[in-house]
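Descriptive structure summary
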Amino acid sequence: MVLTRGPHDVDPRPVDVPRASPAAAAAALTAFVDAVDSRDSVALASLAPMDEAAAAELLSGIARNADSLDLRSVSARYVDQVGTVAPDGTWTGIVELTWQLGGMDPAPSTADVAVAFAPDDVGLGISRFSSGDDSSARVPLWLRGQLSVARADGVLVMLDGTWREATSVAQRVTRGIEVVNRVLPEWRSPVVVEVPATASDLDETLGAAPGTYAAIAAVTTTAGSGTGTDAPVHVFVNPDVTAGLRRAGAQVVLSHELVHVATDAARTPMETWLLEGFADYVALRDTNLPDRTTLGRAIELARREGVPDALPSAADFDTRARDLQARYEQAWLACRIVAERLGEQALVFIYEAAAAGEPVDRSLRRAGLPAAELTGEWRSRLRQLVG
């Protein structure tokens, strides 16, 4: 008797299902690190899957970044597969990446990066770097292809754009350091500024959900996921916002962020109104702009919703919060009142005390301006401005 297979029977023959190969991924990552260390653009480009010119160009540009940024301590450790393997054999893996900017970073940065792998005739290639589906994964800017890099004394700017743009940012940083030193004369520190091409790229660089920093001109935070005392802190600029600013406004943005660098604000818990208001106080100190300009959004908000009962809270400074810029202006006004009433040095002492862990209410009271009195005068000033 001859047996025939029906339409619903299972074919017993093995099916060639594409599978991820951690060993092949590890080998590709070893070759990647070796090529980055040797600044070998040809070797890096050869890691791209065959016939993927965009991937080859991306990888080749990374070699040039490694040279211009003096990348050191680069390592890449395969961690795990993300999702399933596509029918064409492509798949994504999470890779723990470390890197350090020579002469600028005190220690290496570490971040999880999603790496897209694709098989070809000679093995497993690297096609791109992304944040993938992991909200904590990042795409360090130096992995985005060749950047423009500009340097000044103690300053490094890496920018996804033209060298002229990078030089302009470096000059702005140099001026910003002078601004900060007028209030904090003892600060001396290397400054690294990263400027992605878009706000969306900024979110990926920082491992943030899409749209997190859409309304933020810049942010100062660690370059990787580490938060230790030696974790490198960089300034990250949102070009979609700063492109719409005038020269003076763009300068204030960078000066503000440099205050955060100078005071290690990324690792310093304190009341947010003091943290942000102090940075704006330093950045705006010598601009001589009228209140109608520097407090325009705060005035508009007070007209619409009335004068607030209290200084802005931490929730008011959420990057997606409504009227965010008005909250910054409110915080700046509070710090300006402290400086006018007690003197600039007293404001610095209050800030430093808060950075050391002392409650702001206690510092204000000790300095002679209780928090309730500060809030009362702050509300009075806003009422006067509203008219």
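Now for a look at the structure at hand. Being a predicted model, the structure only gives us computed values, none of them experimental.

Conventions adopted
- Residues numbered from 1 in each chain as written.
- Predicted model: local features only at pLDDT ≥ 70, side-chain atom pairs only at ≥ 80, totals over all residues.
- Heavy atoms only, no water.
- Helix = DSSP H or I, 4+ residues; strand = E, 2+ residues; numbered from the N terminus.
- Buried < 20%, exposed > 50% of the residue type's maximum accessible area, 1.4 Å probe, protein only.
- Contact = heavy atoms within 4.5 Å.
- Areas by Shrake-Rupley, 256 points an atom, 1.4 Å probe, with all protein chains shown as cover.
- Lys, Arg positive; Asp, Glu negative; His and termini not counted.
- Charge placed at Lys NZ, Arg CZ, Asp CG, Glu CD.
- Pairing = 2+ DSSP bridges.
- Salt bridge = Lys/Arg side-chain N within 4 Å of Asp/Glu carboxyl O.
- Arc of directions from axis to C-beta.
- Phe/Tyr/Trp six-rings, centres within 6.5 Å; stacked < 30°, edge-to-face > 60°.

Describing the overall build of the protein
The number of helices and strands found in the protein is 14 helices and 9 strands. Overall size of the protein, expressed as C-alpha extent along the three principal axes, is 100 × 50 × 35 Å. The 387 residues of the protein split such that 50% are buried. Sequence separation of at least 24 residues holds for 63% of the intrachain contacts in the protein that already meet a minimum separation of 6. A total accessible area of about 18500 Å² is found for the protein, and carbon and sulfur atoms account for 50% of it. Of the charged side chains in the protein, 35 are positive and 52 negative; the average position of the first set lies 8 Å away from that of the second.

Topic: the pairing of strand 6 (residues 155-159)
Counting buried residues along strand 6, 5 of its 5 residues qualify, which places the element largely inside the surrounding structure. Neither face of strand 6 is open: one carries V155, V157 and L159, the other L156 and M158, and all of them are buried. Two elements, strand 5 (residues 148-152) and strand 6, share 5 bridges in a ladder whose sense is antiparallel. Residue pairing across strands places S148 opposite L159, the latter belonging to strand 6. The hairpin turn running from strand 5 into strand 6, its antiparallel successor, is 2 residues long, and G154 in that turn takes a positive phi close to 70 degrees. Where strand 6 and strand 7 (residues 191-195) come together, 5 bridges link them in parallel fashion. Across the sheet, the residue bridging to V157 is V193, located in strand 7.

Quick notes on the pairing of strand 8 (residues 218-222)
Where a strand is regular, its side chains alternate between the two sheet faces. Taking burial as the measure, the 5 residues of strand 8 include 4 buried ones, the bulk of the element. Alignment of strand 8 against strand 9 (residues 233-237), held across 5 bridges, turns out to be antiparallel. Each residue of the ladder has a partner; that of T221, found in strand 9, is H234.

A few points about the pattern of salt bridges
Across all of its chains, the model carries 24 salt bridges by this definition. Between D286 and R285 there is a salt bridge, with its nearest N and O atoms 3.1 Å apart. Residue D286 is classed as partly exposed on the basis of its relative accessible area of 40%. Here the residues in one salt-bridge network are D291, R336, E340, R341, E373, E377 and R381, joined through shared partners.

Focus on helix 13 (residues 360-367)
Turning to helix 13, its buried residues are V360, S363 and L364. Within helix 13, the buried residues cover an arc of 95 degrees as seen down the axis, which keeps them to one side. Among the exposed residues of helix 13, those oriented more than 90 degrees off its buried face are R365 and R366. Its buried side turned inward, helix 13 meets helix 8 (272-284), helix 11 (324-342), helix 12 (344-355) and helix 14 (371-386).

Remarks on the packing of aromatic side chains
A full pass over the atoms with the stated rule returns 6 aromatic pairs. Where F32 meets F129, the ring centres are 5.6 Å apart and the plane angle is 50 degrees; that geometry is what we call tilted. Here F32 is found in helix 1 (residues 22-37), whereas its partner F129 is found in strand 4 (residues 123-130), with 97 residues between them in sequence. Grouping aromatic residues by their ring pairs yields a cluster made of Y78, W91 and F117.

Considerations on unusual backbone geometry
Residue R39 is not a glycine yet carries a positive backbone phi of 55 degrees. For R39, the position within the fold is in the loop between helix 1 and helix 2 (41-45).

Focus: the environment of A48
Secondary-structure assignment places A48 in the loop between helix 2 and helix 3 (53-69). Separated by 94 residues in the primary sequence, A48 and W142 have C-alpha atoms spaced 17 Å apart. Setting aside its immediate chain neighbours within four residues, A48 contacts A55, A56, L59, D120 and I126.

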